[in-house]
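Each chain is listed here by its residues.
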Amino acid sequence: MKIFFLFTFSTFLLSAFEQAAASAHYDKILTHSRIRARDQGPNVCALQQVMGTKKKYFSTCRNWYQGAICGKKATVLYECCPGYMKMDGTRGCPAVAPIDHVYGTLGIVGATSTQRYSDMSKLREEIEGRGSFTFFAPSNEAWEQLNSEIHRNLVDNVNIELYNALHHHMVNKRMLTKDLKNGMTLVSMYNDQKLLINHYPNGVVTVNCARIIHGNQIATNGVVHVIDRVLTAVGNTIQDFIEVEDDLSSLRAAAITSDVLDILGRPGHYTLFAPTNEAFERLPRGVLERIMGDKVASEALVKFHILNTLQCSEAITGGAVYETLEGNILEVGCDGESLTVNGVKMVKRKDIVTSNGVIHLIDEVLIPDSAKQVIELGGAQQTTFTDLVAQLGLASSLRPEGQYTLLAPLNGAFSDDTLRMDQRLLKTILQNHIIKVKVGLNELYNGQELETIGGKLLRVFVYRTAVCIENSCMVRGSKEGRNGFIHIFRQIINPAEKTLHEMLRHDKRFSVFLSLVKAADLDDVLSRPGEWTLFVPTNDAFKGLTDDDKNILIRDKNALRNILLYHLIQGVFIGSGFEPGVTNILKTIQGGKLYLKTVNDTLLVNELKSRESDLMATNGVIHVIDKLLYPADLPVGNDQLLTILKKLIKYIQIKFVRDSTFKEIPLTFYKINIIESNVQPITRKEEPIIKTYTKIIDGRPVEVTEKKVTEERIIQGPEIKYTRITAGGSDNEEKLKKLLEEEVTKVTKFIEGDGHLLEDEEIKRLLQGAGTEYTKVTKVIEGEPQIIEREIKTVQLEEAPVRKVQPNRRTQGGAARRRTRLAYP
């Protein structure tokens, strides 16, 4: 039990110390300063002093190793830590400073002006007497920097004004820096005025934004903290200040319009970067009128100037980012004595302390992205794009009430040749970079199609570390504006116009490869809709290939298909979509693997450089290579073929295994897509035809009356249902077989545009595994409304006294057979 008690008590103490340490940033930084100066002797602290000023800091690690504070070089000083003093003839600060009452302690810490004013105002007797006080004592420099008129009024009325001012710096209990919690409010000894305490992670402690520069000097009747400015009374809220400050009338109007002003009258700890009237006047009139006329935009504008934390200027010793009430961030920093916002010196007056926060007056209006039009979101790296959009009249089509997405290439993407283009062509190119709808980065998905204002459909490709649209991939920097998004791209987007086959056919560099594709019956694959990545060797890859060699290749169709399909991958893989320097292993249609990676913006396939990459087709992408690819683990069993391949492929050793053969690759690697329409057929009946005639049955004449009824089922429109085999993997062979088994009487075969009904024998052959020539199976109706099915019913009627006769269900030539071209629901 005793052990358990000791353990519990130890845990409690550790917890208490951890909580104290969490809030005592000042003491933690002081400890680090002591460690940095340990070579100087006992109780010495290392400080940094900003060159050219008297400002000294116990520094954070970042400031210490940078050797700078607020961007200004800082020198290192070694001084006695608070509470210690030097002794003649010894290193360091081995002696403890004498403990005196508060009045005497003011002299010990060098706050002699405050000590003198305490004498003059008759405060001395009080702070020498009994009690427990905290005195935030202005340094001598602080009194010198005080406004001369205020200073004169205090000195001229020492018994009231000066006495009250000094009381405003005092709290009627002892508060060490570890007790000064961030956000706490103390009550001063003058008229219960508030003192706002902030204790920042960088060790800075402020009182009404005055920084404690020497803390925790213990006195017999309290503690003295030296601060860097004279405190003034705080009574009004931020709202109160805005309402009476003439130079903030424009901000006041915007805050009232957006219903934000009331927020600044509530309790809290806010920081307001308040633009002056002059700052608003610098805005283009059209921009200001648009924002002020849009409540959502004006609310975003005002909230973008407000932080939900209190940031005094003296607490900022380097750059840091803070979230605004609008939701985006501001970077607040410093440059010497000046505060900066987003890297710009714009603060005219700082540290106007109110009861619920602090105000810094700035001479520039901060416009958040959420209040901007989408065309205004372009940054310095997209000025070429945004300028061209404006110059070619496209900016006017981006209506404020509309929704758009801009795909903005970097400035470097626009070559001189592009900029010299005919303006009509250049305008078409830019239209391909403006999407009709607002699409954020997290709304994009692989296979998505986006329509541009020019009517083009752009494809989206999503990879592990990249998002690409057609041939161009995004870089960081997407922004959302009032009426759209802007995404940044490396290159100009070139929408595909031709299929893979058409691209090969129109480029003489690929004539040899294309002839082999045709010989292997693969040209149809490259013509159909799908998603492929094709590595195309140029004619240079076939140097030394004779006509006889080519004929040998063509005669061995299995070998040829294995070689060619090793160049084909299912899926669209953009070179710039790969993570740089990382190898990507992709399976080819042949079954072997290709190893792809990008190095210095160059695509490598099996370590061979692609001479030209990302040539977009409507059904895939082409990467140009100057060598024929071959799977290193695929053996050759034919001497002639080995000789031919060795002529063409010298970068790997080709395996030879006599009499080995290439596997057959049937062209069943297509996906089956079934699209159905719910168009209902119409049934039409013709008037029955009745006729009477005589038949000889069993050698006797019989008179028969026959009624003939015809029914037609008609479809209204050009299409009911079709099945198309497009692109996919070999696992679809079974799916195709099952589909055909279900609909063997309902399939029309289309090859090269010639359609006819599959006969029973053809269907049988197809189901038995033949019929790889059926590369496309489609059921369509085209043109005018057509008869889908015609059914003739014949009813034979008996006439007395003729003997009953069974209906004859056979006609000349065998059983009557119904021929159906299309299935109907």
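Residues numbered from 1 in each chain as written. Predicted model: local features only at pLDDT ≥ 70, side-chain atom pairs only at ≥ 80, totals over all residues. Heavy atoms only, no water.

What to know about the state of the cysteines
A covalent bond bridging the sulfur atoms of two cysteines is what the word disulfide describes. One pass over the structure, following the stated rule, counts 5 disulfides. Two residues share a disulfide in this structure: C80 and C93, whose sulfurs sit 2.0 Å from each other. Where C80 bonds to C93 through sulfur, the torsion about that S-S bond is close to -85 degrees, and the disulfide is left-handed. In this pair, C80 is assigned in strand β4 (residues 72–80) and C93 in the loop between β5 (84–85) and β6 (95–96), connecting sequence segments 13 residues apart. Overall, C93 belongs to the buried group, its relative accessible area being 1%. (Disulfide = S-S within 2.5 Å. Helix = DSSP H or I, 4+ residues; strand = E, 2+ residues; numbered from the N terminus. Buried < 20%, exposed > 50% of the residue type's maximum accessible area, 1.4 Å probe, protein only.)

Topic: the packing of aromatic side chains
Per the counting criterion, the structure on display carries 4 aromatic pairs. Both rings, one in Y117 and one in W143, keep their centres 4.7 Å apart while their planes meet at 65 degrees; by these two values the pair is edge-to-face. Note that Y117 is positioned in helix α5 (residues 112–120) and W143 in helix α7 (residues 140–145), a separation of 26 residues in sequence. When sorted by exposure, Y117 lands in the same class as W143, which is buried. On the numbers, 6.3 Å between centres and 5 degrees between planes, the contact of F573 with F578 is stacked. Each member of the pair, F573 as well as F578, is classed as buried. Put simply, the rings of Y463, F573 and F578 pair up and form one aromatic cluster. Across from the ring centre of Y117, 5.0 Å away, lies the NZ or CZ of R116, which sits over that ring. (Phe/Tyr/Trp six-rings, centres within 6.5 Å; stacked < 30°, edge-to-face > 60°. Lys NZ or Arg CZ within 6 Å of the ring centre and 35° of its normal.)

Quick notes on the confidence of the model for the protein chain
The share of residues in the protein chain with pLDDT of 70 or more is 78%, and the mean pLDDT across the chain is 82. Low confidence marks residues 1–22, where pLDDT is under 50. Its contacts with residues over four positions away, or in another chain, come to 1 contact. Low pLDDT, under 50, characterises residues 740–760; the stretch is placed with 45 contacts to residues that sit more than four places away or in other chains. (pLDDT = per-residue confidence, 0-100. Contact = heavy atoms within 4.5 Å.)

Comments concerning the side chain of H567
Mapping H567 onto the fold places it in the loop between α21 (557–565) and β30 (568–570). For H567, a relative accessible area of 0% gives the class buried. Within the structure, the side chain of H567 is placed 2.9 Å from the backbone oxygen of I563, a separation counted as a polar contact. Side-chain polar atoms of H567 contact the backbone nitrogen of L629, separated by 3.0 Å. (Polar contact = N/O pair within 3.5 Å; in protein donor to acceptor, adjacent residues only side chain to side chain.)

So, unusual backbone geometry
In this structure, N191 is a non-glycine residue whose phi angle is positive, near 55 degrees. Mapping N191 onto the fold places it in the loop between β9 (185–187) and β10 (194–199). Unlike most non-glycine residues, N208 shows phi in positive territory, near 50 degrees. Inspection of the secondary structure puts N208 in the loop between β11 (205–207) and β12 (210–219).

Regarding the sheet that holds strand β16 (residues 320–323)
The strand order across the open sheet built from 4 strands is β16-β17-β18-β19, with neighbouring strands paired in antiparallel fashion. Edge strands, defined here as strands with exactly one partner in the open sheet, are β16 and β19 (344–345). Of the pairings in the sheet, the one linking β16 to strand β17 (residues 329–335) comprises 4 bridges and is antiparallel in character. The residue of β17 that forms the bridge with E323 is I329. (Pairing = 2+ DSSP bridges.)

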